[in-house]
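Here's the letter readout for the chains.
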Amino acid sequence: MCGIAGLVLVAPGTRAERAEVERMTRTLVHRGPDGEGVWTSGPVGFGHRRLAILDLSEAGAQPMQDAAGEVTVTYNGELYNWRALRTELEALGHAFRTSCDTEVLVEGWRAWGVELLERLEGMYAFALHDARTGQVLIARDRLGIKPLYWAEAGGALLFASEVRALLASGRLEAAPDRERVDAFLTLGYVPGERSFFAGIRKLRP
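Rules of the game
- Residues numbered from 1 in each chain as written.
- Predicted model: local features only at pLDDT ≥ 70, side-chain atom pairs only at ≥ 80, totals over all residues.
- Heavy atoms only, no water.
- Helix = DSSP H or I, 4+ residues; strand = E, 2+ residues; numbered from the N terminus.
- Rg over C-alpha atoms; globule rule 2.2 N^0.38 Å.
- Buried < 20%, exposed > 50% of the residue type's maximum accessible area, 1.4 Å probe, protein only.
- Contact = heavy atoms within 4.5 Å.
- Areas by Shrake-Rupley, 256 points an atom, 1.4 Å probe, with all protein chains shown as cover.
- Core = buried A, V, L, I, M, F, W, Y, C linked by side-chain atoms within 4.5 Å.
- Pairing = 2+ DSSP bridges.
- Axes fitted to C-alpha atoms, helices over the stretch in contact; angles between N-to-C directions.
- Arc of directions from axis to C-beta.

*Asks:* Which parts of the structure should I look at to understand the overall build of the protein?
*Replies:* Counting its secondary structure elements, the protein contains six helices and ten strands. Compactness check: the protein gives a C-alpha radius of gyration of 17 Å against a globular reference of 17 Å for 205 residues, within 12% of the reference. In terms of overall dimensions, the protein has C-alpha extents of about 55 × 40 × 30 Å along its principal axes. Across the 205 residues that make up the protein, the buried fraction comes to 49%. Long-range pairs, those at least 24 residues apart, make up 53% of the contacts in the protein with a sequence separation of at least 6. Surface summary for the protein: the accessible area is close to 9800 Å², and the carbon and sulfur share equals 51%.

As structure tokens, this is what we get:
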């Protein structure tokens, strides 16, 4: 288990503040005791709390970039077919520097773009930024095994593995969604894409 958090500012000319991303990320320390990483570039900021499993070296730290520094990923999960995808990418000429499945996301995006998602088998939640186009993608596995919450507030799109990280941004209030309190009290959770908190949603699988 790892933890991811981040934001994308929508107003032209705005820049993500490292301190805000750090604040969000540090609420997830229990999800990743092995390290913390924060990356910002222009209006985008990514954070990561790491639980090292596959590659225990610093090479596996996140957010992770390709060699050119053009594609950046913060990722939580496990890709069951990462070795097969890596072999396929190596045959296409992609070089790998780690033994992490995270790097398959980076190089896979460079090779296939959004079609990468159709090739992934596993449980995951991740955010990806492509500096060549300015595109930001957030994605979650097909069954929704790995959590990913998001909200639009204070001129930003926020995302995180847990609600507490979104609240730590300071752009949201911890107010209940009154239309979903009954579901929470009845079921112990809120079904669908909404959450217990007003304005905070779960990314659909």
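*Asks:* Can you help me understand the nonpolar core in this one?
*Replies:* Within soluble globular proteins, side chains that are nonpolar generally end up buried alongside one another. Judged by nonpolar contacts, the single largest core of 22 residues is most densely connected at Val73, Tyr75, Leu79, Val104, Leu105, Leu120 and Phe126. Breaking this core down by element, the ones donating at least two residues are strand 5 (71-79), helix 2 (82-91), helix 3 (102-112), strand 6 (122-130) and strand 7 (135-140). For this core, the element with the highest residue contribution is helix 3, accounting for five residues. Within the second largest apolar cluster, 18 residues are counted, among which are Val21, Met24, Ala160 and Leu172.

*Asks:* Quick question: what am I supposed to make of the sheet that holds strand 7 here?
*Replies:* Pairing between sheet strands relies on hydrogen bonds along the backbone, with the strands arranged either parallel or antiparallel. In spatial order, the strands read 4-5-6-7; together these four strands make up an open sheet with antiparallel pairing. Since the sheet does not close on itself, it has two edges, and those belong to strand 4 (64-65) and strand 7, each with one partner. Two elements, strand 5 and strand 6, share nine bridges in a ladder whose sense is antiparallel. The residue of strand 6 that forms the bridge with threonine 72 is histidine 129. Contacts from helix 3 reach strand 4, strand 5, strand 6 and strand 7, with the element oriented near 130 degrees to strand 5.

*Asks:* I keep staring at the pairing of strand 8 (residues 149-153) and nothing clicks. Help me out?
*Replies:* Consecutive side chains of a regular strand alternate in pointing toward one face of the sheet and then the other. Here strand 8 pairs with strand 9 (residues 156-160) via five bridges, running antiparallel. In the sheet register, alanine 151 faces strand 9, and the bridge partner there is leucine 158. For strand 8 and strand 10 (residues 201-202), the ladder comprises two bridges, and the chain directions are antiparallel. Looking at the pairing, tyrosine 149 lines up with lysine 202 of strand 10.

*Asks:* Can you help me understand helix 1 (residues 18-26) in this one?
*Replies:* Along an α-helix, residues three or four apart share an orientation, since each turn contains 3.6 residues. Residues Glu20, Val21, Glu22, Met24 and Thr25 constitute the buried set of helix 1. For helix 1, the elements touching its buried residues are strand 1 (3-9), strand 2 (35-41), strand 3 (44-50), strand 9 and helix 5 (163-167).

*Asks:* Which parts of the structure should I look at to understand helix 2?
*Replies:* Buried within helix 2 we find Trp82, Leu85, Arg86 and Leu89. Angularly, the buried residues of helix 2 cover 100 degrees about the axis, an arc narrow enough to put them on a single face. Facing away from the buried side of helix 2 by more than 90 degrees, the exposed set consists of Arg83, Ala84, Thr87 and Ala91. Turning to helix 2, the residues buried within the fold contact strand 5, helix 3 and helix 4 (116-119). Just downstream of helix 2 lies glycine 93, where phi reads positive at about 105 degrees.

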